[in-house]
Amino acid sequence: MASELCKTISVARLEKHKNLFLNYRNLHHFPLELLKDEGLQYLERLYMKRNSLTTLPENLAQKLPNLVELYLHSNNIVVVPEAIGSLVKLQCLDLSDNALEIVCPEIGRLRALRHLRLANNQLQFLPPDHWNIAPNWCSCEHSWTNHYLRCVLFHKYLTVDRNRLWYVPRHLCQLPSLNELSMAGNRLAFLPLDLGRSRELQYVYVDNNINLKGLPSYLYNKVIGCSGCGAPIQVSEVKLLSFSSGPRTVFLPAEVKAIGTEHDHVLPLQELAMRSLYHTYHSFLKDLNFLSPISLPRSLLELLHCPLGHCHRCSEPMFTIVYPKLFPLRETPMAGLHQGRTTVSFVAYCCSTQCLQTFDLLS
């Protein structure tokens, strides 16, 4: 087997192959033959599915600089080295069916990346910092997160099916190029309020998240997969705020601090102050560097850069309080696709009593 592998790689090197298939080779280590001498400078697609790899070499980009597609489906990879970020031409990275527990931030240096596949790993969360889309205001100590975002800004397809995710960072909602997002078979109990607000995002699959009982109404009239959601089981991973409408109880994102009702007359002072600062920033200053963690708590400072959500009625930003309203799935055009097999509802989030009373999902 070793001699056959060496022969395959040698032929690829001599004949300047662009594609190399090393699937089903029972590889426990990355083949050294691939890294000898000048490497395979002409190689564009490397297939290493169904092996037993646990890691990748640090000099991968140096020896295979022209890789466009890298398929590592069904290995035992636990950690992806920092060197992955040097594969500047990489457009497709398939790390499905491995043993990843975290997303490597160096992936953010892959500006050409379009497809990122992370299904069937052990991810419990996608770190919010990794998806930060405000590179102009980050402090130096967090500047490495900007590189990750510059890559994610150009991703069109993100797949994280069958992991252990219970939380989706709000920053995903602001990725302008994301067209398809698949998070089926996780532990999600809620989705970000703004998910679907981007016109580019057209396909969202959250099937078999049994704790998920509500979908943001921005997803209305988009292609949604939510079969197998809404089963009444106890959520134990994290303490969640929730609101009820009739027999239905829906969990809300952890960032929501208060739930408004139709009887409210005045917004909390903190919410009014946050909205005032936000409008000042967008209208005049265009820069939040004048605000420091000393003048404003860090949690609120981060909210100014990326609001909790936007009102589905008037598009005003919301920071600490929301006014939710439920619309059963059976009342929408999406109901026919699920044939009554799911109890998920659409949830509209409004910024005030007035917007809550006047918002109609069907209008």
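Refer to the structure printed above.
Presented here is an overview of the structure given in this document. (Residues numbered from 1 in each chain as written. Predicted model: local features only at pLDDT ≥ 70, side-chain atom pairs only at ≥ 80, totals over all residues. Heavy atoms only, no water.)

### Some words on the state of the cysteines
In step 1: Here the structure, examined in full by the defined rule, presents 0 disulfides.
In step 2: Free cysteine: C306, not disulfide-bonded; nearest cysteine sulfur from C173 at 7.4 Å. (Disulfide = S-S within 2.5 Å.)

### Some thoughts on the sheet that holds strand β13 (residues 258-259)
In step 1: The 4 strands lie next to each other as β9-β17-β16-β13, forming an open sheet whose pairing is mixed. Sheet topology places β9 (214-216) and β13 at the edges, where each strand pairs with a single neighbour.
In step 2: Examined bridge by bridge, β13 and strand β16 (residues 321-328) share 2 bridges and lie parallel to one another. Each bridged residue has a counterpart across the sheet, and for I259 the counterpart in β16 is V322. (Pairing = 2+ DSSP bridges. Helix = DSSP H or I, 4+ residues; strand = E, 2+ residues; numbered from the N terminus.)

### With respect to unusual backbone geometry
In step 1: One non-glycine residue, R50, adopts positive backbone phi at about 55°.
In step 2: Note that R50 resides in the loop between β2 (45-47) and α2 (60-63).
In step 3: Note on R50: relative accessible area 44%, which makes it partly exposed.
In step 4: Residue S315 is not a glycine yet carries a positive backbone phi of 70°.
In step 5: Given a relative accessible area of 39%, S315 falls into the partly exposed group. (Buried < 20%, exposed > 50% of the residue type's maximum accessible area, 1.4 Å probe, protein only.)

### As for the packing of aromatic side chains
In step 1: Summed over the entire model, instances satisfying the criterion amount to 6 aromatic pairs.
In step 2: Each ring, one from W166 and one from Y167, has its centre 5.6 Å from the other, and the planes form 50°; the classification is tilted.
In step 3: Classification of W166 as partly exposed rests on a relative accessible area of 26%.
In step 4: On the numbers, 5.8 Å between centres and 85° between planes, the contact of Y220 with F346 is edge-to-face. Of this pair, Y220 sits in the loop between β9 and β10 (223-225) while F346 sits in strand β17 (residues 345-350), placing them 126 residues apart in sequence. The same class applies to Y220 as to F346, namely buried.
In step 5: Put simply, the rings of F21, Y47 and Y71 touch in pairs and so form one group of aromatic residues. (Phe/Tyr/Trp six-rings, centres within 6.5 Å; stacked < 30°, edge-to-face > 60°.)

### Observations concerning the sheet that holds strand β8 (residues 203-205)
In step 1: Judged by pairing direction, the sheet is parallel, and its 9 strands sit side by side in the order β1-β2-β3-β4-β5-β6-β7-β8-β10 without closing on themselves. The sheet is open, and its two borders are formed by β1 (19-21) and β10, each paired with just one other strand. Ignoring which end each strand starts from, the neighbouring axes of this sheet average 5° apart.
In step 2: As paired elements, strand β6 (residues 157-159) and strand β7 (residues 180-182) share 3 bridges and run parallel to each other. Looking at the pairing, T159 lines up with S182 of β7. (Axes fitted to C-alpha atoms, helices over the stretch in contact; angles between N-to-C directions.)

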